[in-house]
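What follows is the residue order along each chain.
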Amino acid sequence: MRKRTLEEARNRINRLSEGLFGSPEDITTEEAETLLTEAGVDLERLHDRLYERLHKEAERFWTERKEIPALLKDALSELRPLSVNPRSDAELIRQARSNVDRIVEKAKMIGSLIPSAPLHFAESYRNKKGVTQQDREKLDKVRSALKSKLESIREKK
Amino acid sequence: MANYWALERISERGSNLSAQLGKPEFKKLQLRLMAYCTRVFLELGIGGGDSIISGVALSPEDFVGNVLADYALGKIKHHSSKGSLVTILGTALRNDVIDALRRKSHEREGSWSASEEENHSDGASSKTRTGIHDGTASDVLAVLDEDSYRERVRKALAGEPDLVEVVDAVLEFNAMKPEEIAEIIDITAAEVQNRKKRLRRRLVTYGLVHVDEKKAGS
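Numbering of residues begins from 1 in every chain and follows the order in which that chain's sequence is written. Ligands are numbered from 1 and chains lettered from A, in the order in which they are written. Only residues with pLDDT of 70 or above have their local features reported here, since the model is predicted, and side-chain atom pairs are shown and tallied only from 80 upward, although totals for entire chains, interfaces and linings are computed over all residues.

Peer 1: Residue-level account of the overall build of chain A, with values.
Peer 2: When helices and strands are counted, chain A shows 6 helices and 0 strands. Helical segments are the DSSP runs of H or I of at least four residues, strand segments are the runs of E of at least two, and each set is numbered from the N terminus. The secondary structure elements of chain A, listed N-terminal to C-terminal, are α-α-α-α-α-α. Partly exposed residues are those whose C-beta has more than 12 but fewer than 20 other C-beta atoms within 10 Å; with 20 or more the residue is buried, with 12 or fewer it is exposed, and the C-beta atoms are placed from the backbone. Relative to its full complement of 157 residues, chain A shows a buried share of 11%. Taking the contacts inside chain A whose residues are at least 6 apart along the sequence as the reference set, 47% of them involve residues at least 24 apart. Note on contacts: residues are paired as contacts if their backbone-placed C-beta atoms lie within 7 Å.

Structure, rendered in structure tokens:
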């Protein structure tokens with residue numbers, strides 16, 4: 001059998017790969033986010049490093065006093081890290097919104113940290129010396145308030 | 001306060017407008033290409049997302065950064081008649097990875113000293129170039145060898161009967177389109193897409209290479 005050239009071998013593997021795993025278009029943003037997060041990639045840092053990479057390209061244009069290509073300008077404006085000082089009110093709003101979204105996302109994750117098994121509290125204060133009956137009652141109240149709060153979060157999960 | 005809402009409306013309108021105008025969204029592109037490039041690395045036996053092609057010292061993140069920079073600088077042009085933007089950039093990315101492997105093997109051949117050649121012919125398994133240990137180095141044609149590719153895929157997916165069905169349809173019956181695969185294994189095209197999604201997940205989560213290594217080591 002005739003040996004394949006490099007180009008032929010490459011095209012053949014590309015075809016098999018697409019047949020098996022699909023084309024780049026088949027990977028949605030959501031799927032990519034899941035795959036990368038599971039692989040331990042910090043997505044924010046990934047975007048920040050791309051910003052730095054493209055910023056270096058833009059610097060060459062600034063040094064030579066040339067106009068920056070429109071796509072590069074768009075990319076920099078979209079990727080601009082939240083830690084960088086905003087240049088306009090619109091950018092300030094975008095940064096604020098992203099920060100709030102991130103906090104809300106984290107808050108939503110609290111529910112998933114609560115185990116599904118019945119909740120048991122370690123009531124070590126009961127054996128503590130020097131705790132009055134009144135103190136114990138107060139601590140019991142705190143414990144039951146906390147328990148019902150956690151259970152209501154778990155129900156919403 | 002009124003100004004705040006006015007600005008927010010303008011900002012929202014701006015973002016809707018860019019979506020309507022079909023402006024590329026770089027963050028999304030970066031994530032999709034990064035997932036794709038990690039997959040290419042794993043498929044070709046180079047390693048996962050944190051691996052680099054030694055000799056050229058490029059990781060999936062570098063390849064994605066380079067392709068997006070080329071696109072932003074106008075070196076890669078997108079015409080909708082040639083397919084979607086992510087497909088064009090994905091193809092460029094894949095070709096760049098293979099070119100880097102080819103470049104690496106050429107450079108290695110060119111940089112071996114006589115004594116290194118001697119060591120190599122004596123059966124030394126590790127090849128070194130400019131001090132970098134090259135444990136994953138293999139000739140680019142070996143990486144693209146269809147038989148090894150088939151073997152790697154088969155080994156990695158051996159325990160998943162419904163995924164093996166898709167693998168058989170592609171490798172044995174040369175069915176490439178979802179509709180063709182669907183016809184052979186008698187499922188819907190949508191189910192084929194679901195299974196391909198699982199194949200991608202399995203590939204990225206476990207990695208063909210790692211599965212190979214585990215089996216070899218066990």
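Peer 1: Can you break down the interface of chain B and chain A residue by residue, with the values?
Peer 2: On the chain A side, the residues contacting the 54 residues of chain B number 47 residues. For the side of chain B that touches chain A, the leading source of residues is helix 2 (residues 26-43) of chain B, giving 13 residues. Basically, the charged four are Asp, Glu, Lys and Arg, the nonpolar ten are Ala, Val, Leu, Ile, Met, Phe, Trp, Tyr, Cys and Pro, and anything else, Gly included, counts as polar. Across the side of chain B that touches chain A, the residue classes break down as 27 nonpolar, 11 polar and 16 charged.

Peer 1: So what's going on with helix 2 (residues 29-38) of chain A? Residues and values would help.
Peer 2: Along helix 2 of chain A, the residues that are buried comprise A:Ala32, A:Leu35 and A:Leu36. Projected onto a plane normal to the axis of helix 2 of chain A, the buried residues spread over an arc of 95 degrees and lie on a single side. Away from the buried face of helix 2 of chain A by more than 90 degrees, exposed residues A:Glu30, A:Thr37 and A:Glu38 are located. Elements that come into contact with the buried residues of helix 2 of chain A comprise helix 3 (43-63) of chain A together with helix 2 and helix 10 (189-206) of chain B. The positive-phi residue at the C-terminal boundary of helix 2 of chain A is A:Gly40, with phi of around 85 degrees. The directions from the helix axis to the C-beta atoms form the arc being described.

Peer 1: Explain the nonpolar core to me, and be specific about the residues and the numbers.
Peer 2: Any set of buried Ala, Val, Leu, Ile, Met, Phe, Trp, Tyr and Cys residues joined through C-beta atoms within 7 Å is what this text calls a nonpolar core. Core analysis: the largest hydrophobic core is formed by 60 residues, its most contacted members being B:Leu33, B:Cys37, B:Leu89 and B:Leu93. Per-element tally for this core: the top contributor is helix 2 of chain B, with 11 residues. Segment limits for the domains were obtained from an automatic or database-derived domain assignment. The two domains that each donate at least three residues to this core are domain 1 (24-138) and domain 2 (145-218) of chain B. Here B:Leu33 is in contact with A:Pro24, B:Val64, B:Val67, B:Leu89, B:Gly90 and B:Leu93, once residues within four sequence places are set aside.

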